[in-house]
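Close look at the chain arrangement
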Amino acid sequence: MESDVLIVGGGVAGLSLAAALSGQRRVTVLEAEGSLGHHSSGRSATFSHFGIGNEIVRGLTAASRDFFKQPPDGFSEAPIARTATALFIATEAMLATLDTLEDAMRQHAPGVRRVGEAEMVSLFPPLRTGPGAVVAGIVDADGLRLDADALLQGYARTIRSRGGKVLAEARVASVAPQRGGWAVVTDTGDRLAAPILVNAAGAWADGIARMANVAPLGLRPLRRTIIIVDPPGGADVAGWPFVKTAVDDFYILPEGGRLAASPVDEVPDDPCDAQPEDYDIALAAWKVEEYTTLAVPRVQHRWAGLRTFASDRTPVAGFDPRVPGFFWLAGQGGFGLQTAPAMAEAAAALILSAAWPEQLAALGISPHVLGPERLIHG
Ligand SMILES: Cc1cc2nc3c(=O)[nH]c(=O)nc-3n(C[C@H](O)[C@H](O)[C@H](O)COP(=O)(O)OP(=O)(O)OC[C@H]3O[C@@H](n4cnc5c(N)ncnc54)[C@H](O)[C@@H]3O)c2cc1C
């Protein structure tokens, strides 16, 4: 066997793990598409903040921040992250949710503080405030804006520089157990084998399991839509914050001189090249007009991507207890970029039988918390 570990999926999950293993194991990443980040990893809002997910997700987000702030030497010529402000907003009806969110965020972001209408408007001038609109907010000046492309390319460069392989246009067409490991055939007929197969196929992860005759975990791909709209005439939006409602029904943030907005939709979909639907585009435009004073006469650009969740919305990293050498790295939902460094470290520790990362243990995140056992019934 030419590889110790075959990783199916060249998104942020597969690449970050491959980078963590490379140099210690012979790693090959198999990516179906011709370019990295074609699916979820290239379609995200690229923000790292503590206003998303459960306590485990927040812990993984916290444990990933050092990597983003100070990546290993030579990882990327371009910065992979920069500090950016996150503002969470509430109407009168959302105040209780804002309180809960503030308590949860404070565990990891002690600088979180309440802001009034005037400060919210100075941060994000078109915000619609006052009775019937946004009345309260909390701000975290220590969020991170990530550069997904720099991150993916940095991981790929790390893998290759340590002798690992990243193969594009290598769609896995069959997976079968073979003595002491797994044999994979791609749709171009290439055959590869390794003792360990990592399933990091994003929305397709359950499908890869079925291919291998392993029962799926019940992962659900949910589609999310982003639209790009013009900012108010002449405004320089570069320093504007990421703004999100406390109840998860809208966010907006600067994107290449314009504004990217989402109705925070979660529409069940099949694993596919997700495309935005007219209804969700219209909903996004309507939410922009509801929460801001901006008019949206034209949507400049739009896209959609899949966020794939386990039933408990905690990501999955661990060997399948039912079949030897089959490792799950899946269910990263809407937080797969911001948790990738910590998830990769955790997954690498399990694959290498190395010590569990102390930082994760201190945050109450054990192998048991992330392992697939919790999703296997019967
Ligand atoms: C609109 C949107 C906004 C988001 N915003 C954020 C955000 O602000 N912050 C954040 O942290 N996260 C965000 N996310 C979530 C984040 O993008 C995902 O959690 C993350 O990209 C998942 O990474 P992945 O590697 O598991 O999946 P993917 O990037 O989808 O990678 C899986 C790869 O597997 C490949 N594959 C599938 N089948 C096969 C096969 N048979 N053979 C070979 N390869 C195969 C696919 O081609 C794909 O490239 C957002 C997602 C969306 C859609």
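For the structure, check the block above.
For clarity, every value in this text was computed on a predicted model and none was experimentally measured. (Residues numbered from 1 in each chain as written. Predicted model: local features only at pLDDT ≥ 70, side-chain atom pairs only at ≥ 80, totals over all residues. Heavy atoms only, no water.)

**Here we look at the environment of Val229**
As for its placement among the helices and strands, Val229 is situated in strand S12 (residues 220-229). A residue is classified by how much of its surface remains accessible, and Val229, at 2% relative accessible area, is buried. The spatial distance from the C-alpha of Val229 to the C-alpha of Ser48 is 22 Å, given a sequence separation of 181 residues. Non-local contacts of Val229, meaning those with residues more than four positions away in its chain, are made with Arg258, Leu259, Val296 and Arg298. (Helix = DSSP H or I, 4+ residues; strand = E, 2+ residues; numbered from the N terminus. Buried < 20%, exposed > 50% of the residue type's maximum accessible area, 1.4 Å probe, protein only. Contact = heavy atoms within 4.5 Å.)

**Some remarks on the site of the ligand**
Of all residues adjacent to the ligand, which total 39 residues, the nearest are Glu31, Ser41, Val172, Gly333 and Gln338. Leu30 has a polar backbone atom sitting 3.5 Å from a nitrogen atom of the ligand. Between the ligand and Ser40 there is a distance of 3.1 Å, counted from an oxygen atom to a backbone nitrogen or oxygen. In the complex, 97% of the free accessible area of the ligand, which totals 1,000 Å², lies under the protein chains. Sorting the residues of the shell around the ligand by element identifies helix H1 (12-21), S12 and strand S17 (301-309) as the ones contributing at least two each. In terms of residue count, the dominant contributor to the shell around the ligand is S17 (three residues). For the shell around the ligand, the class distribution of residues is 18 nonpolar, 15 polar and six charged. (Near = heavy atom within 4 Å. Polar contact = N/O pair within 3.5 Å; in protein donor to acceptor, adjacent residues only side chain to side chain. Areas by Shrake-Rupley, 256 points an atom, 1.4 Å probe, with all protein chains shown as cover. Nonpolar A, V, L, I, M, F, W, Y, C, P; charged D, E, K, R; others polar.)

**Quick word on the sheet that holds strand S11 (residues 196-199)**
As summarised here, the arrangement of the six strands in space is S7-S2-S1-S11-S19-S18, forming an open sheet in which the pairing is mixed. For this open sheet the edge positions go to strand S7 (165-167) and strand S18 (316-319), each flanked by a neighbour on one side alone. Ignoring strand direction, the axes of neighbouring strands in this sheet form an average angle of 15°. The strands that helix H8 (residues 340-351) touches are strand S1 (5-8), S11, S18 and strand S19 (326-330); relative to S18, the one it contacts most, it runs at about 5°. (Pairing = 2+ DSSP bridges. Axes fitted to C-alpha atoms, helices over the stretch in contact; angles between N-to-C directions.)

**Focus: the packing of aromatic side chains**
Applying the stated criterion across every chain, the model contains 12 aromatic pairs. For the pair Phe319 and Phe327, a centre-to-centre distance of 4.9 Å together with 90° between the ring planes defines the contact as edge-to-face. Classification of Phe327 as buried rests on a relative accessible area of 0%. Between the aromatic rings of Phe326 and Trp328, the centroid separation amounts to 5.5 Å while the plane-to-plane angle is 75°, which identifies the pairing as edge-to-face. (Phe/Tyr/Trp six-rings, centres within 6.5 Å; stacked < 30°, edge-to-face > 60°.)

**Observations regarding the pairing of strand S6 (residues 134-146)**
Among the 13 residues in S6, 10 count as buried, and that is most of the element. Bridge count between strand S3 (residues 47-48) and S6: two bridges; the pairing is antiparallel. Bridge pairing in S6 places Phe47 opposite Arg145. Sheet topology places strand S4 (residues 81-91) next to S6; 10 bridges connect them, and they run antiparallel. Bridging from a neighbouring strand, Ala81 pairs with Leu146 of S6. Summarising the sheet, strand S5 (residues 113-115) and S6 pair through three bridges and their orientation is antiparallel. Counterpart to Val115 in the pairing with S6 is Gly137.

**Looking at unusual backbone geometry**
Backbone geometry places Val264, a non-glycine residue, at a positive phi of 55°. Here Arg313, not a glycine, exhibits a phi torsion of approximately 60°, which is positive. Locating Arg313 in the fold gives a position in the loop between S17 and S18.

**Notes on the sheet that holds strand S8 (residues 172-178)**
Strand order in this open sheet of three strands is S8-S9-S10, and the pairing throughout is antiparallel. What marks the edges here is a single partner per strand, and that holds for S8 and strand S10 (191-194). Across this sheet, the average inter-strand angle for adjacent strands is 20°, counted without regard to direction. By the bridge criterion, four bridges tie strand S9 (residues 181-186) to S10 in an arrangement that is antiparallel. Directly across from Val185, in S10, lies its bridge partner Arg191.

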